[in-house]
Amino acid sequence: MSAQQPALVPGQRNSTSRRTAPADGPADGARPRLRPRAAAATVWYLRLLALLNLVAVVSLPFREEVHEHNAGEFFTPYLATAGLVSAALALFLALVMRRRKRAAWIFNMLLAGPLFALYVLALTQAPFRRHAFNWFSTLFTGLFVLALLLGRKEFRAVGDRSNPRLALAVGAGGVLVSGVLGTLLVSATNKVSGAPLSDRIAYTLLRGVSVGPLADRLDSVVAPRWADVLVNVMVAATFLLVLYACFRAPRGSELLGEDDEKRLRALLAKHGERDSLGYFALRRDKAVMWSPTGKAAIAYRVVGGVTLASGDPIGDPEAWPGAIEEWLREARRHAWTPAVMGASEEAGTIYARHGLDALELGDEAIVERADFTLEGRAMRGVRQAHKRIRRAGYTVRVRRHADIPEAEMATLIDKADHWRDGETERGFSMALGRLGDPCDGRCVMLECHDSDAEPRAVLSFVPWGGTGLSLDLMRRDRNSENGLMEFMVIELLLRAEEFGVQRLSLNFAMFRSVFDRGTRLGAGPVLRLWCRVLIFLSRWWQLESLYRANAKYRPVWEPRYLLFEKSSDLPRIGIATARAEGFLTPPALPVPGRRGRLRASSGPAPGSPTSGCSPTPGPSTTASSSGSPSPETPSPETPSPGSPSSGSPSSGSPSSG
């Protein structure tokens, strides 16, 4: 992959895919074009006011100028107060207005509308009418209100119904905490002795609004400049938290239900051969968006305001556009940022027709059983490692999950949990997140035992259609021999015909093409530099080692893409992906005795026999899937074939980057 080639999926963004209302005449045709421009104008106004307020906070002459025109017979445009709170408010409102949230439009109208009416009324009075700056302020405020009215139909995104209660609780707690801390700070730094408590509290509240002369009328309190700014910052932070609680996007509480799971399994039975990641759509922390015909679906999860889908849509490709349109419509309705992790080239092309751009993340390693062999000089190292582990007395047992007794499965789950390093169960786009569910009976388990018949490692694969397997989970005892994972994969490949398996999807190697082409003769300077940077980063994240570990099987490399709507959304998508994959965990209060478990991580299995779930139909082959395994402890001989993040064994998708 070229370092300067961001979009590699064929097909460009189709500008006609963004539908507008039909134009019945000149007037009707002008309105749809005017509404987005008016909505965008409100966003730019708020951005400009945020910048001006920030400049006023750090520039004393400009701040004094604003204060002079904001007192007495003068008034300033909407939100121009030269305060940090106003800057934070304008910036936050610009963000939520950019996402077209209806609550933000109502909030601005409730503030700017009456203010504009008050300015117009004030201009009828001679003392205010004679100042040209007042006409300027009225004009700018009026233009903002006009833009709000013209673009009102553009603001359709709804919020969470619990937002008002949450905002009230956050506001009450934040004002209490910031008020107490600010009052203590003012009391400790006050240069005038004997100030009553009421004056100190009033001074703190006024300084929370503005660092200007608003609080200077209290002669009994004189605090240093840095204390005033700190109080203003605390109140501004509280105000931002309240605004976030007011306008936060819904979290998408509708998760995979029993009926959705049955329908998805039926689609996988018909079309499961198309995508090696299809089975991971059955994670029960995902929601499902169906096409109008019900022949295709997109599995997604909402994380931090990002609706994150993974893999290709499930079902008939002819019905994919309908599912994509429904998913994007739901995203716009809730102001979610759409993104897709690990899409294939075929799906990326269809997504591109609906306005999404693509960025190549890396390649998926797929081993064809018919092409795999241990013979030849190129496989000498793999062949020797396989023989070394076998001579050490290790054996591999391969079974479908349905053939494993419940007691043995419980033991394997306990072992897998024990071998995982860390409290968080990783994985989203390429991990199922559970073991031992009755509905997953066609999944395949590989158990590696040492010479004393003690389990030392496990691999779990999910079905990829009727003749393929996709890697889901990799765990090993860190005190065991290096190379157990390679030994187990080779054993499965050598015995694949016994189970009707024709192909294995192993791991995802990020930036594989950079490592492959960056060291070749003729590589350009930019590509060589990018390759050196990735090699340097591989000291902490398993980037190069993961590619080398996959390359030893001589696989077929299938590119996978990150799909997004706007380049400016990439940082937010990256954070949401890291959270979904388990590499970034939001702070939370620790719960004694709580540790993520594979069996209980997704809650009670709605697909258990008691809930009427039937396993996915298909041949009785022991199949596995190419998921994102938990990385094995890195070693010079055996790079961990799991996630590129540094760390010890844990189940997770390496694509989270």
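Residues numbered from 1 in each chain as written. Predicted model: local features only at pLDDT ≥ 70, side-chain atom pairs only at ≥ 80, totals over all residues. Heavy atoms only, no water.

1. Thoughts on the overall build of the protein chain
Then comes step 1: Broken down by element type, the protein chain carries 19 helices and 12 strands.
Then comes step 2: Counting across all 657 residues of the protein chain, residues that qualify as buried make up 52%.
Then comes step 3: Counting only contacts in the protein chain whose residues sit at least 6 apart along the sequence, the fraction spanning at least 24 positions is 78%. (Helix = DSSP H or I, 4+ residues; strand = E, 2+ residues; numbered from the N terminus. Buried < 20%, exposed > 50% of the residue type's maximum accessible area, 1.4 Å probe, protein only. Contact = heavy atoms within 4.5 Å.)

2. Focus: the packing of helix 4 (residues 102–122) against helix 6 (residues 132–150)
Then comes step 1: Relative to each other, helix 4 and helix 6 sit at 145 degrees, their axes nearing to 9 Å. Crossing of helix 4 against helix 6: the hand is left-handed. On helix 6, the residues touching Trp105, Asn108, Met109, Ala112, Gly113, Phe116, Tyr119 and Val120 of helix 4 are Ser137, Thr138, Thr141, Gly142, Phe144, Val145, Leu148 and Leu149.
Then comes step 2: Grouping the constituent residues of the contact of helix 4 with helix 6 by class yields 10 nonpolar, 6 polar and no charged. (Axes fitted to C-alpha atoms, helices over the stretch in contact; angles between N-to-C directions. Left-handed = near helix turned anticlockwise from the far one by under 90°. Nonpolar A, V, L, I, M, F, W, Y, C, P; charged D, E, K, R; others polar.)

3. Concerning the packing of helix 3 (residues 84–98) against helix 4
Packed helices, taken two at a time, are described by their axes: the angle between them and the distance between them.
Then comes step 1: As a packed pair, helix 3 and helix 4 sit with axes 8 Å apart at the nearest point and diverge in direction by 135 degrees. Between helix 3 and helix 4, the angle falls in the class oblique. The crossing of helix 3 and helix 4 is left-handed. Contacts between helix 3 and helix 4 pair Leu89, Leu93, Val96 and Met97 from the former with Ala104, Trp105, Phe107 and Asn108 from the latter.
Then comes step 2: For the contact of helix 3 with helix 4, the residue count by class is 7 nonpolar, 1 polar and no charged. (Parallel < 35°, antiparallel > 145°, perpendicular 65-115°, else oblique.)

4. A closer look at helix 15 (residues 484–494)
Then comes step 1: For helix 15, a buried count of 10 out of 11 residues is recorded, marking the element as mostly surrounded by other parts of the structure.
Then comes step 2: Turning to helix 15, its buried residues are Leu484, Met485, Glu486, Phe487, Met488, Val489, Ile490, Glu491, Leu492 and Leu493.

5. Digging into a nonpolar patch on the surface
Then comes step 1: Side chains of Leu34, Phe136, Leu139, Phe140, Leu143, Leu146 and Leu150 sit close together on the surface and give an oily, nonpolar patch of about 600 Å² of accessible area.
Then comes step 2: For the nonpolar patch, the element with the highest residue contribution is helix 6, accounting for 6 residues.
Then comes step 3: Its place among the elements puts Leu139 in helix 6.
Then comes step 4: Note on Leu139: relative accessible area 48%, which makes it partly exposed. (Patch = residues over 30% accessible without salt bridge, like charges linked within 9 Å, V, L, I, M, F, W, Y side chains within 5 Å. Areas by Shrake-Rupley, 256 points an atom, 1.4 Å probe, with all protein chains shown as cover. Salt bridge = Lys/Arg side-chain N within 4 Å of Asp/Glu carboxyl O.)

6. Notes on helix 7 (residues 163–189)
Then comes step 1: Counted at 1.5 Å a residue, the expected span for helix 7 with its 27 residues is 39 Å, and the 37 Å between its end C-alpha atoms agrees.
Then comes step 2: Buried within helix 7 we find Asn163, Ala167, Gly171, Gly174, Ser178, Gly179, Gly182, Thr183, Leu185, Val186 and Thr189.
Then comes step 3: On its buried face, helix 7 is in contact with helix 8 (197–209) and helix 9 (225–247). (Expected span 1.5 Å × (residues − 1).)

7. Here's the deal with a negative patch on the surface
Then comes step 1: The grouping of Glu345, Glu368, Asp371 and Glu558 at the surface amounts to a negative patch.
Then comes step 2: Looking at where Asp371 falls in the secondary structure, it is placed in the loop between strand 6 (357–368) and helix 13 (380–391).
Then comes step 3: Take Asp371: its relative accessible area is 63%, and that puts it in the exposed class. (Lys, Arg positive; Asp, Glu negative; His and termini not counted. Charge placed at Lys NZ, Arg CZ, Asp CG, Glu CD.)

8. A few points about the pairing of strand 1 (residues 287–290)
Then comes step 1: Of the two faces of strand 1, the one lined by Ala287 and Met289 and the one lined by Val288 and Trp290 are each fully buried.
Then comes step 2: Examined bridge by bridge, strand 1 and strand 2 (residues 296–303) share 4 bridges and lie antiparallel to one another. Note that in strand 2 the partner of Val288 across the bridge is Ala299.
Then comes step 3: What sits between strand 1 and strand 2 in their antiparallel hairpin is a turn of 5 residues, with Gly294 showing a positive phi close to 75 degrees. (Pairing = 2+ DSSP bridges.)

9. A closer look at the packing of aromatic side chains
Then comes step 1: Under the defined criterion, the tally for this structure stands at 8 aromatic pairs.
Then comes step 2: Considering the side-chain rings of Phe75 and Tyr119, the 4.2 Å spacing of their centres and the 20 degrees angle between planes classify their relative orientation as stacked. Within this pair, whereas Phe75 is found in the loop between helix 2 (60–68) and helix 3, its partner Tyr119 is found in helix 4, the two being separated by 44 residues in sequence. Take Phe75 and Tyr119: they sit in the same class, and that class is buried.
Then comes step 3: Ring centres 6.2 Å apart and planes at 35 degrees place the aromatic pair Phe75 and Phe128 in the tilted group. (Phe/Tyr/Trp six-rings, centres within 6.5 Å; stacked < 30°, edge-to-face > 60°.)

10. Regarding the confidence of the model for the protein chain
Then comes step 1: Within the protein chain, residue pLDDT values average 78, and 79% of them lie at 70 or more.
Then comes step 2: Between residues 1–28, whose pLDDT stays under 50, and residues either more than four places distant or in other chains, the model counts 45 contacts.
Then comes step 3: Low pLDDT (under 50) marks residues 589–595, which in the prediction has 5 contacts with non-local residues, meaning those over four places away or in another chain. (pLDDT = per-residue confidence, 0-100.)

11. Looking at the environment of Leu149
Then comes step 1: The topology assignment puts Leu149 in helix 6.
Then comes step 2: Classification of Leu149 by relative accessible area gives partly exposed; the value is 36%.
Then comes step 3: Put simply, Leu149 and Met109 are 40 residues apart on the chain and 8.6 Å apart in space, counted from C-alpha to C-alpha.
Then comes step 4: Residues in contact with Leu149, not counting those within four places in the same chain, are Trp105 and Met109.

12. Brief notes about a positive patch on the surface
Then comes step 1: Taken together, Arg102, Arg152, Lys153 and Arg156 make up a surface patch of like positive charges.
Then comes step 2: Its location among the elements puts Lys153 in the loop between helix 6 and helix 7.

13. Focus: the pattern of salt bridges
Then comes step 1: Overall, the coordinates contain 21 salt bridges when judged by the stated rule.
Then comes step 2: Its salt-bridge partner being Lys262, residue Glu258 comes within 3.6 Å of it at the nearest N-O pair. Here Lys262 and Glu258 lie together in helix 10 (residues 258–271), a separation of 4 residues that amounts to about one turn.
Then comes step 3: Residues Glu486 and Lys552 are paired through a salt bridge, measuring 3.6 Å at the closest nitrogen-oxygen approach. Here Glu486 is found in helix 15, whereas its partner Lys552 is found in the loop between helix 18 (544–551) and strand 12 (556–564), with 66 residues between them in sequence.
Then comes step 4: Ionic contacts of the salt-bridge type, sharing partners, join the residues Glu261, Arg265, Arg284, Arg434, Asp437 and Asp440 into one network.

14. Thoughts on unusual backbone geometry
Then comes step 1: Residues other than glycine seldom take positive phi values, yet Leu79 does so here, at roughly 75 degrees.
Then comes step 2: The residue Leu79 is located in the loop between helix 2 and helix 3 in this model.
Then comes step 3: A positive phi angle is found at Ala335, which is not glycine, with a value near 60 degrees.
Then comes step 4: By secondary structure assignment, the location of Ala335 is in the loop between helix 11 (320–334) and strand 5 (337–343).

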